[in-house]
Amino acid sequence: MTVTIGPESTAVRTALWRAMHVRIDAPPYVLEDEIGFALVAPDPGWRDRPDMDPAFTAPFRASMVARARFVEDLVLERSAHGVGQYVILGAGLDSFAQRRPDIGVHMQLFEVDRPGPQAWKRQRLEALGLGVPPWLHLVPVDFEAGQNWWQALADNGFDAARPAIVASTGVSMYLTRDAIAATLRQVAALAPGTTLAMTFMQPLDLMPADLRPDLERAMNGAAASGTPFISLFAPAEMTALAREAGFRNVRHVAPADLDRLYFADRADGLRLTSGEEFLVAST
């Protein structure tokens, strides 16, 4: 019998916050996603968790749905231009394949994650009757053992000679600077027309003063759960790192930009006041 390890606590928290958006915020929804919630199947008292407090979580759930929507919009835009490969690094409980099969069926989608959580996700998809379609490739990579995710992608049918969309959200803060630079170099070496969307966090001293207590609380919570933040970047540092890696076109997308895109004129006042920054870079 195969023993599987469940998802990371950060992935579960993200899935629950995305579900909360649909359950407690007013429409229109930035993203309608309860697939992760179904996968996790939390106990009935999940809403009583301190990290599920509606007021405290408002900026964080706004950030979670905004970053997912931004990447999804980017995937739709690039697929309309003929890009047919989509790679999600640190996929966790991502649900693009289940929510948007109308797009996925025209692409090859590669979800890269640790073997244990990914085996658990496969089992849950099967148990829920969702399954794993032939265009969805679950790529297990044991990062801690030094396994090469690049080679694992190739072994699962990824074609480095064809352009791709590569997404890495909610991951960089847990990696070393060297690991981030190595990932940037590898993606920058892909075929012309490849686009990377990577989120990163700024140091606390660059954040608005009134938001620092909640952000510090979130960082302390991550550390307590065994996933401390390791790497934080000012936007100029991250864009410089991408240019050094070999990307031709590099831009920074701030939370304020996402706020204007997805939260303008909302009746419930939900706003994206802080959160992860985006690096968008292309070859």
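This report concerns the structure included in the present document.

Rules and cut-offs
Residues numbered from 1 in each chain as written. Predicted model: local features only at pLDDT ≥ 70, side-chain atom pairs only at ≥ 80, totals over all residues. Heavy atoms only, no water. Helix = DSSP H or I, 4+ residues; strand = E, 2+ residues; numbered from the N terminus. Rg over C-alpha atoms; globule rule 2.2 N^0.38 Å. Contact = heavy atoms within 4.5 Å. Areas by Shrake-Rupley, 256 points an atom, 1.4 Å probe, with all protein chains shown as cover. Lys, Arg positive; Asp, Glu negative; His and termini not counted. Charge placed at Lys NZ, Arg CZ, Asp CG, Glu CD. Polar contact = N/O pair within 3.5 Å; in protein donor to acceptor, adjacent residues only side chain to side chain. Pairing = 2+ DSSP bridges. Axes fitted to C-alpha atoms, helices over the stretch in contact; angles between N-to-C directions. Core = buried A, V, L, I, M, F, W, Y, C linked by side-chain atoms within 4.5 Å. Buried < 20%, exposed > 50% of the residue type's maximum accessible area, 1.4 Å probe, protein only. Expected span 1.5 Å × (residues − 1). Bend = angle between axes of the 7 residues up to and from the residue.

1. Looking at the overall build of the protein chain
Then step 1. Within the protein chain, the secondary structure is distributed over 11 helices and 7 strands.
Then step 2. On C-alpha atoms alone, the protein chain measures out to a radius of gyration of 18 Å, which is about the 19 Å that the 2.2 N^0.38 rule sets for 283 residues.
Then step 3. Taking as baseline every contact in the protein chain between residues at least 6 positions apart, the subset at least 24 positions apart corresponds to 76%.
Then step 4. Working note: accessible area of the protein chain is about 12,600 Å², and carbon and sulfur atoms make up 53% of it.
Then step 5. Distance from the positive charge centre (26 side chains) to the negative charge centre (34 side chains) of the protein chain: 3 Å.

2. Side note on the side chain of Arg67
Then step 1. Its place among the elements puts Arg67 in helix H3 (residues 54-79).
Then step 2. Side chain to side chain, Arg67 and Glu276 meet in a polar contact 2.3 Å long.

3. Observations concerning the sheet that holds strand S4 (residues 165-168)
Backbone hydrogen bonds hold the strands of a sheet together, and the pairing may be parallel or antiparallel.
Then step 1. The 7 strands are arranged S3-S2-S1-S4-S5-S7-S6 in an open sheet whose pairing can be described as mixed. With partners counted over all chains shown, the strands left at the sheet margins are strand S3 (136-140) and strand S6 (249-253), one partner each. Between one strand axis and the next, the sheet turns by 15° as a mean value, whatever way the strands run.
Then step 2. Where strand S1 (residues 85-89) and S4 come together, 3 bridges link them in parallel fashion. Following the sheet pairing, Val87 is matched in S4 by Val166.
Then step 3. The strands touched by helix H8 (residues 177-188) are S1, S4, strand S5 (195-200) and strand S7 (277-282); relative to S5, the strand with the most contacts, the crossing angle is about 165°.

4. Points about the nonpolar core
Then step 1. By size, the foremost hydrophobic cluster in this structure holds 34 residues, and its most contacted members are Tyr86, Leu109, Leu258, Phe263 and Phe278.
Then step 2. Those elements that provide at least two residues to this core are H3, S1, helix H4 (96-99), S3, S4, helix H11 (255-262) and S7.
Then step 3. Of the residues forming this core, the biggest block, 9 residues, is contributed by H3.
Then step 4. Core analysis: the second largest hydrophobic core is formed by 30 residues, Val87, Val166, Ala188 and Ala281 among them.

5. Let's talk about the pairing of strand S2 (residues 108-113)
Then step 1. Taken across its 6 residues, S2 has 5 buried, putting it largely inside the fold.
Then step 2. Across 5 bridges, the pairing between S1 and S2 is parallel. By the bridge assignment, Leu89 is partnered in S2 with Val112.
Then step 3. Taken together, the 5 bridges between S2 and S3 define a ladder with parallel strand orientation.

6. A look at the side chain of Ser95
Then step 1. Topologically, Ser95 is positioned in the loop between S1 and H4.
Then step 2. For Ser95, a relative accessible area of 0% gives the class buried.
Then step 3. Separated by 2.9 Å, the side chains of Ser95 and Asp33 make a polar contact.
Then step 4. Residue contacts for Ser95: discarding those within four places in its chain leaves Arg18, Asp33 and Ile35.

7. Concerning H3
Then step 1. The terminal C-alpha atoms of H3 lie 36 Å apart, and with 26 residues this matches the ideal 38 Å at 1.5 Å per residue to within 8%.
Then step 2. Along H3, the sharpest kink reaches roughly 30°, centred on Phe60.

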